[in-house]
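Tertiary structure, described
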Amino acid sequence: MDENIIWGVTMLERVTTLFRSRDFILFLGLALGLFFDRGAEWTRPLVLPALGWVMTLSVMGISGRTLKAPGAMLFQAVIGTAISYGVLSTAILAMAALLLNDDTLWSGFVIVAAVPPAVAVIPFADFLKGDRVYALFGTTGAYLAGLFLMPLIAFFFLETDIAEPLSILIVILELIVGPFMLSRVLILTRLEEKITPFKGSMTNWSFFLVVYTMVGLNQEHFVKDPVGLLPVVLIAACSTFLMGFVLEKFCEIFKVGTAVTKSIVLLGALKNYGMAAGISLALFGRKTALPATVSTIFMIIYIIWLNYRTKKGVPHFP
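**Some details on helix 14 (residues 258-267)**
- Counting buried positions along helix 14 gives eight out of 10 residues, so the element sits mostly inside the fold.
- Listed in full, the buried residues belonging to helix 14 are Val260, Thr261, Lys262, Ser263, Ile264, Val265, Leu266 and Leu267.

Written out as structure tokens, the structure is:
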């Protein structure tokens, strides 16, 4: 066979493998969002459907038998709330109080602390081989608690009301309840069997769309004053990487299983930064949205890091 043909086939195989790599796809979304942000406005309407589809794929593998243990479901919901609000929110507020002198940025971190965990905790737990059921009910419990905790945190620290109970309920319906019901339909109609072989690629490229859009819409914040962002960067880094490390060690001490540990780490390291940015922009302005925007970047880097360690089979997570 001609050497040029062999070389071409080899390169095609390498490119194909690269574009199937979750780490590469997430990094590509991050890089394109930072350097080629113009398309983000066009992809913005696709973010919610893409995330909803990822959620559907993630919960498709959850057996109906897991829903017949209300005691376990309630326990997981309480733990999810305690981790997201009791641990992560407290840590974010403490770090912001110590490191910030800017009232505007302080307000931004209060809003980040007030919102529930990232809905993406559930699909992230899925592809990191975490406990999907734990992630599902832990996230749902934290969202229901957020209906009451969001206004309390905002009123206590900002003396204002950022409560958007309708918005939280819509998120619960569109990104948790709706995808779960759709997944049951796919299972009953046996469409799950046809979708499963393509599940990985569909999940990866859906996340590419979400990552690119979130970063691209906020690209300008990273080029205007990078030095002034250092305290925000430090808090965002600690609230993901450091919090994840601490929670992992805590689970290790109490001999928590690896799959559950992964879900706990995600619940304790990721907030709904999209919701936080939206509230910040609506009530205060662009600068207040910076903590949520920077935290989004670190969330993406953190997930890439966790995925890398999971694939390498590192003895301890993360």
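**A look at the nonpolar core**
- With 82 residues, the main nonpolar core has Phe124, Leu136, Phe207, Leu266, Leu270 and Ile303 as its most contacted residues.
- Here Leu270 is in contact with Leu88, Pro117, Ala118, Val121, Phe124, Thr240, Met299, Tyr302 and Ile303, once residues within four sequence places are set aside.

**Some words on the side chain of Thr43**
- Note that Thr43 resides in helix 3 (residues 40-43).
- In this structure the side chain of Thr43 is engaged in a polar contact, spanning 2.7 Å, whose partner is the side chain of Thr213.
- Each residue touching Thr43, except ones within four places of it in the same chain, is listed here: Leu209, Tyr212 and Thr213.

**A closer look at the packing of helix 8 (residues 132-158) against helix 14**
- Remark: helix 8 packs on helix 14, axes separated minimally by 9 Å, with the N-to-C direction vectors making an angle of 30°. One element, helix 8, and the other, helix 14, form an angle in the roughly parallel class. Judged by the twist between their axes, the crossing of helix 8 over helix 14 is right-handed. The residues of helix 14 that touch helix 8, namely those facing Tyr134, Ala135, Gly138 and Thr139, are Val260, Ser263, Ile264 and Leu267.

**Description of a nonpolar patch on the surface**
- A contiguous nonpolar surface patch, about 430 Å² in accessible area, is contributed by Phe250, Ile253, Phe254 and Val256.
- Secondary-structure assignment places Phe254 in the loop between helix 13 (230-253) and helix 14.
- Taking the relative accessible area as the measure of exposure, Phe254 reaches 55% and is therefore exposed.

**Brief notes about the pattern of salt bridges**
- A complete count under the given rule lists six salt bridges for this structure.
- Of the charged contacts in the structure, one is a salt bridge between Arg132 and Asp126, with a shortest N-O distance of 3.5 Å.
- Among the ionic pairs, Glu193 bridges to Arg190, the shortest N-O distance being 3.2 Å. Here the two residues Glu193 and Arg190 agree in accessibility, since each one is exposed.
- The network of salt bridges with shared partners includes Asp126, Arg132 and Lys199.

The rules we used
- Residues numbered from 1 in each chain as written.
- Predicted model: local features only at pLDDT ≥ 70, side-chain atom pairs only at ≥ 80, totals over all residues.
- Heavy atoms only, no water.
- Buried < 20%, exposed > 50% of the residue type's maximum accessible area, 1.4 Å probe, protein only.
- Helix = DSSP H or I, 4+ residues; strand = E, 2+ residues; numbered from the N terminus.
- Core = buried A, V, L, I, M, F, W, Y, C linked by side-chain atoms within 4.5 Å.
- Contact = heavy atoms within 4.5 Å.
- Polar contact = N/O pair within 3.5 Å; in protein donor to acceptor, adjacent residues only side chain to side chain.
- Axes fitted to C-alpha atoms, helices over the stretch in contact; angles between N-to-C directions.
- Parallel < 35°, antiparallel > 145°, perpendicular 65-115°, else oblique.
- Left-handed = near helix turned anticlockwise from the far one by under 90°.
- Patch = residues over 30% accessible without salt bridge, like charges linked within 9 Å, V, L, I, M, F, W, Y side chains within 5 Å.
- Areas by Shrake-Rupley, 256 points an atom, 1.4 Å probe, with all protein chains shown as cover.
- Salt bridge = Lys/Arg side-chain N within 4 Å of Asp/Glu carboxyl O.

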